[in-house]
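Listed below are the residues making up each chain.
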Amino acid sequence: MIGNQNENLRKYSNSSTNPLSGSWRVIVLGIFSAIGYLMIAAWSGDDLRHGQVDAAAITKFLQAFGLLFICYWLLISPLVRGKRMDPRHLWFAIAFGLLFRAILLPTDLILENDIYRYMWDGHTSRQGVNPFRYAPSDNEMVPYRTEYWSKINYPHIPTIYPPTLQYIFISSDTIYPGSVTGMKFFLLVFDVGTIFILLALLEALKKPPEWCLIYAWSPLVIKEIANSGHADVVSAFCLAALMLLIVKKKPIRSSFTLAALFLTKFFGVLFLPLFYLTWRVRHYALFGLFVFLLYLPFLSLDVNPFKGFLTYSKEWQFNAGLYEVLLNLFNRVGGKAAENSSILARLFMLSVIQITVLWQTSALLWRKNQVDLFWAMFVITATLLLCSPVINTWYLVWLVPFFCLFPSRAWIMFSGLAFLSYTYYYNHYFPSWVKLTEFGIFFYLLFIEAVLPKLRWGVIGPWPSIENETEALIEEMTEATEQNDAAVK
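Residues numbered from 1 in each chain as written. Predicted model: local features only at pLDDT ≥ 70, side-chain atom pairs only at ≥ 80, totals over all residues. Heavy atoms only, no water.

Chemist: So what's going on with the overall build of the protein chain? Residues and values would help.
Modeler: Along the protein chain, the regular secondary structure elements total 22 helices and two strands. Counting every position in the protein chain, which comprises 489 residues, the buried fraction comes to 53%. Carbon and sulfur atoms provide 63% of the accessible area of the protein chain, an area that totals close to 22500 Å². (Helix = DSSP H or I, 4+ residues; strand = E, 2+ residues; numbered from the N terminus. Buried < 20%, exposed > 50% of the residue type's maximum accessible area, 1.4 Å probe, protein only. Areas by Shrake-Rupley, 256 points an atom, 1.4 Å probe, with all protein chains shown as cover.)

Chemist: So what's going on with helix α2 (residues 24–43)? Residues and values would help.
Modeler: For α2, with 20 residues, the first-to-last C-alpha span of 29 Å sits near the 28 Å given by 1.5 Å per residue. Residues of α2 that are buried include every one of V26, I27, L29, G30, S33, A34, G36, Y37 and I40, and no others. Buried residues in α2 make contact with α3 (55–80), α4 (87–104) and α9 (219–227). Immediately beyond the C-terminal end of α2, within one or two residues, lies G45, with a positive phi of roughly 155°. (Expected span 1.5 Å × (residues − 1). Contact = heavy atoms within 4.5 Å.)

Chemist: Which residues make up the side chain of D173, and what values go with them?
Modeler: Here D173 shows up in helix α6 (residues 163–175). Residue class for D173 comes out buried when judged on its relative accessible area of 4%. Here D173 is in contact with M119, G122, H123, R126 and G178, once residues within four sequence places are set aside.

Chemist: How would you sum up α6? Please name residues and give values.
Modeler: The end-to-end C-alpha distance of α6 is 18 Å, a good match for the 18 Å that 13 residues give at a rise of 1.5 Å each. All of the buried residues in α6 are P163, T164, L165, Q166, I168, F169, S172 and D173. Buried residues belonging to α6 abut α5 (114–126), α7 (180–204), α10 (232–247), α11 (251–262) and α12 (281–295).

Chemist: Describe the packing of α2 against α4, with residues and values.
Modeler: Following both chains from N to C, one finds α2 and α4 inclined at 10°, their axes separated by 9 Å at the closest point. For the element pair α2 / α4, the angle class is roughly parallel. Of the residues in α4, those touching α2 at V26, I27, G30, I31, S33, A34, Y37, L38, I40 and A41 are F92, A93, F96, L99, F100, I103 and L104. Looking at the contact of α2 with α4, its residues break down into 15 nonpolar, two polar and no charged. (Axes fitted to C-alpha atoms, helices over the stretch in contact; angles between N-to-C directions. Parallel < 35°, antiparallel > 145°, perpendicular 65-115°, else oblique. Nonpolar A, V, L, I, M, F, W, Y, C, P; charged D, E, K, R; others polar.)

Chemist: Now, about the nonpolar core: what can you tell me, with residues and values included?
Modeler: One recurring pattern in soluble globular proteins is that nonpolar side chains are buried together. L213, W217, F271, F374, M377 and W411 are the most contacted members of the largest nonpolar core, which totals 153 residues. When residues of this core are assigned to their parent elements, the largest contribution, 15 residues, is made by α3. Beyond its immediate stretch of four places on either side in the chain, F271 contacts L239, L258, L261, M377, I380 and T381. (Core = buried A, V, L, I, M, F, W, Y, C linked by side-chain atoms within 4.5 Å.)

Chemist: Lay out the environment of L165 with the relevant residues and their values.
Modeler: Looking at the secondary structure, you find L165 in helix α6. For L165, a relative accessible area of 1% corresponds to the buried category. Remark: the alpha-carbon pair of L165 and V234, spanning 69 residues in sequence, is separated by 7.7 Å. If sequence neighbours within four positions are ignored, L165 has contacts with A231, V234, L263 and T264.

Chemist: I'd like to hear about the packing of aromatic side chains, residue by residue, with values.
Modeler: Counted by the stated rule, this structure contains 55 aromatic pairs. Between F190 and F237, the ring centres sit 5.2 Å apart and the planes meet at 90°, which makes this aromatic pair edge-to-face. Of the two residues, F190 is situated in helix α7 and F237 in helix α10; the sequence distance between them amounts to 47 residues. A relative accessible area of 23% means that F237 is categorised as partly exposed. Just above the ring of W149 sits the side chain of R145; from NZ or CZ to the centre is 3.9 Å. (Phe/Tyr/Trp six-rings, centres within 6.5 Å; stacked < 30°, edge-to-face > 60°. Lys NZ or Arg CZ within 6 Å of the ring centre and 35° of its normal.)

Chemist: Give a detailed account of unusual backbone geometry, specifying residues and quantitative values.
Modeler: What is expected of a backbone is that most residues other than glycine have negative phi and most peptide bonds are trans. Positive phi is not limited to glycine here, since K249 has a value of about 60°. Note that K249 resides in the loop between α10 and α11. We note that H428 has phi near 65°; this positive angle belongs to a residue other than glycine. Relative to the elements of secondary structure, H428 occurs in the loop between α20 (424–427) and α21 (432–451).

Chemist: Tell me about the packing of α7 against α10, residues and numbers included.
Modeler: As a packed pair, α7 and α10 sit with axes 9 Å apart at the nearest point and diverge in direction by 25°. Between α7 and α10, the interaxial angle falls into the category roughly parallel. Crossing angle aside, the handedness with which α7 passes α10 is left-handed. Between α7, through L187, F190, D191, G193, T194, I197, L198, A200, L201 and A204, and α10, the contact on the second element is made entirely by V233, V234, A236, F237, A240, A241, M243, L244 and V247. Of the residues in the contact of α7 with α10, the class split is 16 nonpolar, two polar and one charged. (Left-handed = near helix turned anticlockwise from the far one by under 90°.)

Chemist: An account of a nonpolar patch on the surface is needed here, citing residue identities and associated values.
Modeler: Together, L289, F292, L293, L296 and L299 make up an exposed nonpolar region whose accessible area comes to about 440 Å². Classification of L296 as partly exposed rests on a relative accessible area of 43%. (Patch = residues over 30% accessible without salt bridge, like charges linked within 9 Å, V, L, I, M, F, W, Y side chains within 5 Å. Salt bridge = Lys/Arg side-chain N within 4 Å of Asp/Glu carboxyl O.)

Chemist: I'd like a description of the pattern of salt bridges, backed by residues and values.
Modeler: The full count for this structure, using the stated rule, is nine salt bridges. The salt bridge partner of K265 is D232, with a shortest N-O separation of 3.7 Å. A residue pair is termed long-range when its members are at least 10 positions apart, and K265 in the loop between α11 and α12 and D232 in helix α10 qualify at 33 residues. As far as the burial class goes, K265 and D232 line up, both buried.

Chemist: Lay out the environment of M141 in plain terms, naming residues and giving numbers.
Modeler: Its location among the elements puts M141 in the loop between α5 and α6. Owing to a relative accessible area of 1%, M141 belongs among the buried residues under this scheme. Leaving out residues up to four positions away in the same chain, M141 has contacts with W120, T124, V129, Y134, A135 and P136.

Chemist: Give a description of the side chain of T356 that names residues and reports values.
Modeler: Examined against the element boundaries, T356 turns out to sit in helix α16 (residues 341–363). Owing to a relative accessible area of 7%, T356 belongs among the buried residues under this scheme. Those residues in contact with T356, other than ones at most four positions away along the chain, are V379, I380 and T383.

Take a look at the structure:
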């Protein structure tokens, strides 16, 4: 028996000297993915430009995205089911993730144009104009109009983007004035930074570091950041940094980071009740102080910094799930319920979110580990997204860092299914099958994960390294020797 073990050990040792040994899955999937991203890069242009979209181009784009998502699924599914990755292969895979981003960085925007608002906010702020005061279409802004002014989305509404993002827009416009690629590159720095923060976080929590590939290879993240340049990546960066600082027990820095997160997308405020076991009163006070200081340059008695956000909250609806179900229910009831269906549905969803926050906060009295805190943050953010009247694909970027800690078949699949929402641009309404497919598959997988725990992802298997193989063999040999000694006695 020991002879066979030593022979297997020698075989493994010889094969593992080659850094490419066992990495063919990464190489093949990486090549196919690179081809997919090159296809998308080649197709980006007028036919996929916001406002003038060609239906055939959307179909080609979705087919290419489907190929990318299949490659992504084939890479990560063995890892989250227990197979470990050699550290050399991990860095190889991360390099592929960076390559995919480099391919899409210089491409034309696909079906999005939010980046022009970012550039406008940065441009006008540098001219001394408060972006919360005026909408781009206001007469006062005529002297500041640029070549891309006509491409700004909803020009009649002041900015909805909080101060953390405003500082980033100003910095980008200072370094790359009027440049779409420059703004995307600036945001890509946060994207790449998130990969390495997640890598450090996973190692600190003694989870497989290769799970960072759930973020690094995510087609959703790569398309929405490297191509479309959505600022939601700053939220993901702050979220990952916040969790790492909590693990490192840096409460002052974590209070600043939560303030920065809160002022990227306001959902960060929902995490405040969760920190009652981690923070003291002074840390909550520091959070409030940091929020005030970040807002201070934009505050004025005659300016409402929340005007754009409140308009967005009241009027926007796109690709909604649970909210739309509830809205249709109130409309069928008729009467006053139908007349106020939107308000009632939003209030009901708000109540669900508040109950979720209360539930997760209370649960931490019994579940006090750091991972339990992160799980509560995940549940709250996921509930917020599902209850939202607007579920844009790039909103899922907030959740992808959580997927690296809590791999969920349902949620990772949803990050691919959400792209079916782009079928809206065929005729400016959703085909009947889209919502059933997008949310039907997601909730089915979520139900399976809930009732069949054995099928859940997130298993941690043995390392495929020679060192751990040796330790395992030594342990087996020691146990066998002790058993033989006991038998002789």
